[in-house]
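# Structure at a glance
If you want the building blocks of each chain, they are given just below.
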Amino acid sequence: MQRCVPVGQVSVASHVLVLPDQLTDQVGPIHAALLDVSSAPGVIFIESLDAQTAPRHVQALVAQRSAGREFVAELRARGLNVQALRTATYEEGLTAAHAQAPITHLLAMEPAAPQLTARMQTWAEQTGVQLNIVPNELWLTTRDEWEEFASGRKELRMEFWYRRVRKARGWLMEPGAADEPLGGVWNLDQENRRRLPKGAVVPSAPHFLPTETAQEVINEVRAESAAHFGEVDSFGWPTNRGQALEALERFCTERLADFGPYEDAMSREHEHLYHSLLSSAMNLGLLTAHEISIRALDEFARRPTEIPLQSIEGFIRQILGWREFMHHAYDRFWKEWETSNGLNHTEPLPSFYWSGETKMACISRVVRKLISGGHAHHIERLMLLGNFALLIGVRPQEVDAWFLETFVDAHPWVVTPNVVAMSQFADLGKITSKPYISGGAYVSRMGDDCSACAYDPTLSTGDRACPFTTLYWDFIDRHAERFVKNPRMARQVRSWESRKETVRTAILEEAKLIRARAQRGEL
Ligand SMILES: Cc1cc2nc3c(=O)[nH]c(=O)nc-3n(C[C@H](O)[C@H](O)[C@H](O)COP(=O)(O)OP(=O)(O)OC[C@H]3O[C@@H](n4cnc5c(N)ncnc54)[C@H](O)[C@@H]3O)c2cc1C
Ligand code: SF4
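### Some details on the nonpolar core
Membership of the largest hydrophobic core comes to 147 residues, with the highest contact counts inside it found for Phe325, Ile363, Leu385 and Phe388. Per-element accounting of this core gives the leading share, 13 residues, to helix H12 (residues 309-337). Setting aside anything within four residues of it in sequence, one finds Phe388 in contact with Phe352, Tyr353, Met360, Ile363, Pro467, Phe468, Leu471 and Leu523.

In structure tokens, the structure reads:
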């Protein structure tokens, strides 16, 4: 079901615009242009500083700039005429390109951010350039599929989206049964929750030596006056398609089989576990979501006895389900998510989110690995970093800005739905039915951080009380009135309310102390 821009649309264009997160020759206008470079339109690539004005992890900057420059060099080597510009904004870049060689008809794949589409349209109207925005074929699913799914639904839930688009593609379905998921169950999430056993062998994820271009960018970024979050010394992310394909190959052959069972596990020794680490490359366009899915499905078809269904199903669900769902949801709700704060959270983000300096072993470990590598896996993002910010009551947009600044794979279209809606529940359930919260017991069950911590996950009062555990009950208390009406939360509220008054008071007092210590940087 991979779609393709008709060659005709490319041949009438005077120019094709390539955005920094559309670095693909596999689909879209560039794919079509490369079919006949002799008659191909000019290509405009803008390394807009605009895309970088929101502060980013230093490794995100290096990955984006390097991948863009390597892509331009490759297109030139293959015969395309590329104007590469570096300007403050996309509009300035387009204007400069227009001045160099008049643009009559500009062809572009739809930006991932709807805000940019609107800006491009305004620029085209003001300059009289004909702008043709075609669907962004880096996505696996179309807007029509989303509209058909979403229309008339009161609630938008990933699970129903996932079933629908999976069925439409016939992926992981029982042979000859169009409606029957392989193995009889759509979602094997329940089987994705194993703790990593002691002594488990986890193949390392690839770490690429910087290419010549990436090394130049690293030097450039080091020389810039702006201070960026994170360290650049250990940069090892793919910056070209060859590296990205190698990362995909290594994942499918070495880690996919164990991806499912340990998807939610956390480990001090194995920071990436069996995760794919493909998000950075995918979000830049170096790999398409379609080819990743097909490669993984193909590996499953080749090794059905070695790759359990829960691994391939879990992986396909992340990409076809969650990733696509979040992208469409962002298109629909981004405006309201800019201000959503349904739980009225107003606390500032504790300073240890930047430094990692906290006695909480779990948070400290994850922030430190963010500083050095720009990556943490999903459960660490959701159930450690996001969970703690939610429990302590940080303003959702501050959490959003922090996530955007501290991850190598961060782009607003994926950060905001995951942070504001999913993790901080700030829209009160546009795309999820309950907040993702837990106390220390969950962290203790899923990993080994608690064994190295100054706090005790079982305690909610006293000097060694785990801040997660105390603040979990404090959160339930603060929002009891709302969540007692939520069938998925009511049990926790009742459990809290059934506790003795003295116990509840002690926990709430402890929560106040924890909050104060967090703000003083003493937690
Ligand atoms: C609070 C929070 C913030 C997040 N921020 C980002 C972000 O900045 N950039 C980003 O790409 N993802 C983000 N995610 C989603 C997910 O955590 C990452 O995609 C994943 O951890 C990336 O690592 P990986 O490539 O090893 O993923 P794997 O675990 O190997 O999963 C495979 C792929 O599935 C996709 N995926 C899985 N879950 C999601 C999801 N919830 N939303 C979108 N795609 C998903 C990703 O493309 C990922 O590469 C966030 C999730 C949360 C809860
Ligand atoms: S005891 Fe609490 S703070 Fe410490 S590692 Fe466990 S969950 Fe994290």
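### Comments concerning the pattern of salt bridges
Under the defined criterion, the tally for this structure stands at 41 salt bridges. A salt bridge links Arg163 to Glu159; the nearest nitrogen and oxygen atoms lie 2.9 Å apart. Here Arg163 and its partner Glu159 are both found in helix H7 (residues 158-169), four residues apart, which amounts to about one turn of the helix. Taking the relative accessible area as the measure of exposure, Arg163 reaches 30% and is therefore partly exposed. Given the relative accessible area of 16%, Glu159 is considered buried. Across the salt bridge formed by Glu299 and Arg295, the nearest N and O atoms sit 2.8 Å from each other. Placement of the pair is Glu299 and Arg295 together in helix H11 (residues 289-302), with a separation of four residues, close to one helical turn. Each member of the pair, Glu299 together with Arg295, is buried. Through salt bridges with shared partners, a single network forms among Glu249, Arg295, Asp298, Glu299, Arg302, Arg303 and Glu306.

### With respect to empty space enclosed by the protein
Applying the stated criterion to the full structure yields five cavities of 30 Å³ or more. By volume, the largest cavity amounts to about 90 Å³. Of all elements in the fold, only helix H14 (361-373), helix H18 (440-446) and helix H19 (467-478) reach the threshold of two or more residues within the lining of the largest cavity. Looking at side-chain class alone, the lining of the largest cavity contains eleven nonpolar, one polar and one charged residues.

### Examining the site of ligand 2
The environment of ligand 2 is made up of Met360, Cys362, Gly440, Val443, Asp449, Cys450, Cys453, Tyr455, Pro457, Cys466 and Phe468. The cavity where ligand 2 resides is the largest cavity. Across the shell around ligand 2, the residue classes tally to nine nonpolar, one polar and one charged.

### Comments concerning the site of ligand 1
Of all residues adjacent to ligand 1, which total 27 residues, the nearest are His275, Ser276, Leu277, His378 and Asn418. With respect to ligand 1, the side chain of His275 contributes an N or O atom lying 2.7 Å from an oxygen atom. A distance of 3.1 Å is found between an oxygen atom of ligand 1 and a backbone nitrogen or oxygen belonging to Leu278. For ligand 1, whose accessible area on its own is 810 Å², the fraction buried by protein is 99%. Mapped by element, the contributors of at least two residues to the shell around ligand 1 are helix H10 (279-284), H12, helix H15 (378-392) and helix H17 (412-423). Residue contributions to the shell around ligand 1 peak at six residues, all from H12. Domain assignment of the residues forming the shell around ligand 1 places at least three in each of domain 2 (143-337) and domain 3 (352-520).

### Focus: the side chain of Asn387
Structurally, the position occupied by Asn387 is in helix H15. A polar contact is formed between the side chain of Asn387 and the backbone oxygen of Met383, at a distance of 3.0 Å. One polar contact links the side chain of Asn387 to the main-chain carbonyl oxygen of Ser438, over a distance of 3.1 Å. Sequence-distant contacts of Asn387, that is, excluding residues within four places in its chain, are made with Leu382, Tyr436, Ile437, Ser438 and Phe468.

### Let's talk about the domain arrangement of the protein chain
The assigned domain composition of the protein chain is domain 1 (7-134), domain 2 (143-337) and domain 3 (352-520). Placing the centre of domain 1 and that of domain 3 at their C-alpha centroids yields a distance of 40 Å. Across the boundary between the two partners, domain 1 contributes nine residues, which contact 13 residues of domain 3. Summed over both partners, the interface of domain 1 with domain 3 buries about 820 Å², with 53% contributed by carbon and sulfur atoms.

### Side note on the packing of aromatic side chains
For any pair of aromatic rings, the description rests on two quantities: the centre-to-centre distance and the angle between the ring planes. Enumeration according to the criterion identifies 24 aromatic pairs in this entry. Between Phe229 and Trp354 the ring centres are 5.8 Å apart and the planes differ by 70°, which places this aromatic pair in the edge-to-face class. Taken as a pair, Phe229 in the loop between helix H8 (212-223) and helix H9 (241-259) and Trp354 in helix H13 (residues 352-355) lie far apart in primary sequence, 125 residues in all. We classify Phe229 as buried; its relative accessible area is 9%. A residue is classified by how much of its surface remains accessible, and Trp354, at 35% relative accessible area, is partly exposed. Aromatic side chains Phe251 and Phe315 sit 4.8 Å apart centroid to centroid with 40° between the ring planes, which places their arrangement in the tilted category. Of this pair, Phe251 sits in helix H9 while Phe315 sits in helix H12, and the two are 64 residues apart along the sequence. Like Phe251, the residue Phe315 is buried in the burial classification. Site record: aromatic cluster; members linked through ring pairs are Phe229, Phe352, Tyr353, Trp354, Phe388, Trp402, Phe403, Phe407 and Phe468.

### Here's the deal with the packing of H7 against H12
Relative to each other, H7 and H12 sit at 115°, their axes nearing to 9 Å. One way to sum up the angle between H7 and H12 is to call them roughly perpendicular. Here the hand of the crossing between H7 and H12 comes out right-handed. Only Glu313, Ile316, Arg317, Leu320, Gly321, Trp322, Glu324, Phe325 and His328 of H12 make contact with H7, whose side of the interface consists of Met158, Trp161, Tyr162, Val165, Arg166 and Arg169. A per-class count over the contact of H7 with H12 returns eight nonpolar, two polar and five charged.

### Considerations on the environment of Ser204
By the secondary structure assignment, Ser204 is in the loop between H7 and H8. Separated by 46 residues in sequence, Ser204 and Arg250 place their C-alpha atoms 9.4 Å apart. Setting aside chain neighbours within four positions, we find Ser204 in contact with Arg250, Glu254 and Arg255.

### Here's the deal with unusual backbone geometry
The phi dihedral of Asn344 is positive, around 55°, even though this residue is not glycine. Inspection of the secondary structure assignment puts Asn344 in the loop between H12 and H13. Here the phi dihedral of Leu428 falls at roughly 60°; this positive angle occurs in a residue that is not glycine. Here Leu428 is to be found in the loop between H17 and H18. By relative accessible area, Leu428 is classed as partly exposed at 35%.

Basis of the calculations
- For every chain, the first residue of the written sequence is number 1, and numbering continues from 1 onward in sequence order.
- Lettering for chains starts from A, numbering for ligands starts from 1, and both go in the order in which the items are written.
- The model is predicted, so local features are restricted to residues of pLDDT at least 70 and side-chain atom pairs to those at 80 or more, both for listing and for counting; the totals for chains, interfaces and linings are taken over all residues.
- Water and hydrogen atoms play no part in the side-chain values, which are based on all heavy atoms of the structure.
- Here the nonpolar core consists of buried residues drawn from Ala, Val, Leu, Ile, Met, Phe, Trp, Tyr and Cys, with membership extended through side-chain atoms lying within 4.5 Å.
- When a residue's accessible area, from a 1.4 Å probe over protein chains only, is under 20% of the maximum for its type it is buried; when over 50% it is exposed; and in between it is partly exposed.
- The numbering of helices and of strands both runs from the N terminus, where a helix is a DSSP run of H or I of at least 4 residues and a strand a run of E of at least 2.
- Residue contacts are counted whenever heavy atoms from the two residues lie within 4.5 Å of one another.
- One side-chain nitrogen of Lys or Arg within 4 Å of one carboxyl oxygen of Asp or Glu is enough to make a salt bridge.
- Using a grid of 1 Å spacing that covers the protein atoms alone, one calls a set of points a cavity when a 1.4 Å probe fits there but cannot get out, and a pocket when the set is open and has protein on both sides within 12 Å along at least five of seven lines; lining residues are those with an atom within 4 Å of a point.
- Grid points are joined across faces, edges and corners, and a volume is the space filled by probe spheres set on the points.
- Each residue gets one of three labels, nonpolar for Ala, Val, Leu, Ile, Met, Phe, Trp, Tyr, Cys and Pro, charged for Asp, Glu, Lys and Arg, and polar for the others, Gly among them.
- Here a residue is near a molecule or strand as soon as one of its heavy atoms is found within 4 Å of it.
- Any molecule with more than half of its atoms within 2 Å of a cavity's or pocket's grid points is regarded as sitting in that cavity or pocket.
- Think of a polar contact as two N or O atoms within 3.5 Å of one another; within protein, one of them needs to be a possible hydrogen donor and the other a possible acceptor, and neighboring residues in sequence only count if both atoms come from side chains.
- Exposure was quantified through the Shrake-Rupley algorithm and a 1.4 Å probe, taking into account, for residues, occlusion by the shown protein chains and nothing else.
- Residue ranges labeled as domains rest on an automatic or database domain assignment.
- Here the quantity called buried area is the accessible surface, traced with a 1.4 Å probe, that two parts lose on coming together, added over both.
- What counts as a ring pair is set by centres within 6.5 Å for rings of Phe, Tyr and Trp (its six-membered ring), and what kind of pair is set by the plane angle: stacked under 30 degrees, edge-to-face over 60, tilted for all other angles.
- Orientation is described by axes fitted as lines to C-alpha atoms, over the contacting stretch for helices, and by angles from 0 to 180 degrees between their N-to-C directions.
- For classification purposes, an angle smaller than 35 degrees is called roughly parallel, one larger than 145 roughly antiparallel, one from 65 to 115 roughly perpendicular, and anything else oblique.
- In this scheme the handedness of a crossing depends on how the near helix is turned from the far one: anticlockwise by less than a right angle means left-handed, clockwise means right-handed.

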